[in-house]
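# Understanding the architecture of this molecule
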Amino acid sequence: QFEEEELRRQQLAEQQRMSQQQTATAPQSPQVQQRGIPQQSPAPATPTATMQAQVPSSPPMASFKTRKVQLHRGAPDSAFVDATTGMAGIGIRFITVTGVNAPAVPAKIEFVHPSGPASLSGNININDQIVEVDGMTIMGLESTDVRHLICGIPGSMMTLTLVDFSDSSA
């Protein structure tokens with residue numbers, strides 16, 4: 001399964017390179033996608049919510065300070081490991097904006113699980129925005145693709161590059 005995950009990461013990188021080289025031809029309204037944290041209870045997880053949204057224009061990235069946060073993915077025996085894939089997350093829920101005419105914007109963190117690796121790092125907050133995962137830009141990617149980049153081998157180290165657009169003085 002880990003080889004499949006690495007192959008998926010390589011495919012995402014190639015798709016990203018190709019999409020940056022191509023121009024959009026068909027109009028399409030932006031979509032907001034939300035990714036949840038795996039359910040703690042035995043109840044089945046709900047599917048990813050996709051809804052139409054008005055997309056505000058984001059300020060230029062150059063006007064905001066970014067920070068890199070290194071943290072470990074969930075431990076093998078933690079609640080942050082997907083029982084199906086064996087891959088571990090960091091305990092966040094985020095939204096992405098995608099679509100042909102959507103601006104390439106970061107994934108916004110909506111929720112940080114209090115006992116998850118992100119919260120325990122002390123460096124990741126609600127409203128922070130993810131611009132890179134392990135050095136790969138995620139702006140414009142679907143939420144599922146961002147999740148594939150964030151989730152990995154349980155206990156492995158990862159690096160997020162974050163910006164907080166709510167504090168323009170940063």
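Residues numbered from 1 in each chain as written. Predicted model: local features only at pLDDT ≥ 70, side-chain atom pairs only at ≥ 80, totals over all residues. Heavy atoms only, no water.

### A word on the environment of Asp-134
- Looking at the secondary structure, you find Asp-134 in the loop between strand 6 (129–133) and strand 7 (136–137).
- Looking at Asp-134, the relative accessible area reads 36%, which means it is partly exposed.
- Sequence-wise, Asp-134 and Thr-159 are 25 residues apart; in three dimensions their C-alpha atoms are separated by 4.8 Å.
- Beyond its immediate chain neighbours, meaning those up to four positions away, Asp-134 contacts Arg-9, Arg-73, Met-158 and Thr-159. (Helix = DSSP H or I, 4+ residues; strand = E, 2+ residues; numbered from the N terminus. Buried < 20%, exposed > 50% of the residue type's maximum accessible area, 1.4 Å probe, protein only. Contact = heavy atoms within 4.5 Å.)

### So, unusual backbone geometry
- One non-glycine residue with positive phi stands out, namely Asn-127, at about 80°.
- Mapped onto the secondary structure, Asn-127 falls in the loop between helix 2 (117–121) and strand 6.
- Phi angles above zero are rare outside glycine, and Asp-134 is one such case at about 50°.

### Looking at the environment of Arg-9
- By secondary structure assignment, the location of Arg-9 is in helix 1 (residues 2–21).
- On a C-alpha basis, the gap between Arg-9 and Val-146 in space is 9.8 Å, while along the polypeptide they are 137 residues apart.
- When residues no more than four places from it in sequence are discounted, the contact partners of Arg-9 are Arg-73, Asp-134, His-148, Leu-149, Cys-151 and Gly-152.

### Description of the side chain of Thr-159
- Position of Thr-159 relative to the elements: it lies in strand 8 (residues 157–163).
- On the accessibility criterion, Thr-159 (17% relative accessible area) is buried.
- Each residue touching Thr-159, except ones within four places of it in the same chain, is listed here: Lys-68, Val-69, Gln-70, Glu-132, Val-133 and Asp-134.

### Observations regarding the nonpolar core
- Ile-92, Ile-124, Ile-130, Ile-150 and Leu-160 are the most contacted members of the largest nonpolar core, which totals 22 residues.
- Elements with a contribution of two residues or more to this core: strand 3 (66–72), strand 4 (92–98), strand 5 (107–112), strand 6, helix 3 (143–150) and strand 8. (Core = buried A, V, L, I, M, F, W, Y, C linked by side-chain atoms within 4.5 Å.)

### Here's the deal with the environment of Ser-115
- Position of Ser-115 among the secondary structure elements: in the loop between strand 5 and helix 2.
- On the basis of relative accessible area, Ser-115 is assigned to the partly exposed category, the value being 43%.
- Excluding residues that lie within four positions of it along the chain, Ser-115 makes contacts with Phe-80 and Leu-120.

### Quick look at the confidence of the model for the protein
- Predicted confidence across the protein gives a mean pLDDT of 74, with 64% of residues reaching 70 or more.
- Scored below 50 in pLDDT, residues 20–33 makes 38 contacts in the model with residues more than four places away or belonging to other chains.
- Note on residues 36–60: pLDDT is under 50 here. Beyond four places in sequence and across chains, it has 35 contacts. (pLDDT = per-residue confidence, 0-100.)

### What about the pattern of salt bridges?
- Within the structure shown, the criterion is met by five salt bridges.
- A salt bridge links Arg-67 to Asp-128, with the shortest nitrogen-to-oxygen separation between them at 2.5 Å. Of this pair, Arg-67 sits in strand 3 while Asp-128 is found in the loop between helix 2 and strand 6, placing the two residues 61 residues apart along the sequence.
- Looking at Asp-128, the relative accessible area reads 2%, which means it is buried.
- In this structure, Arg-93 engages Glu-110 in a salt bridge whose closest nitrogen and oxygen atoms are separated by 3.9 Å. With Arg-93 in strand 4 and Glu-110 in strand 5, this residue pair connects regions lying 17 residues apart in the sequence.
- Taking relative accessible area as the criterion, Arg-93 reaches 26% and is therefore assigned partly exposed. (Salt bridge = Lys/Arg side-chain N within 4 Å of Asp/Glu carboxyl O.)

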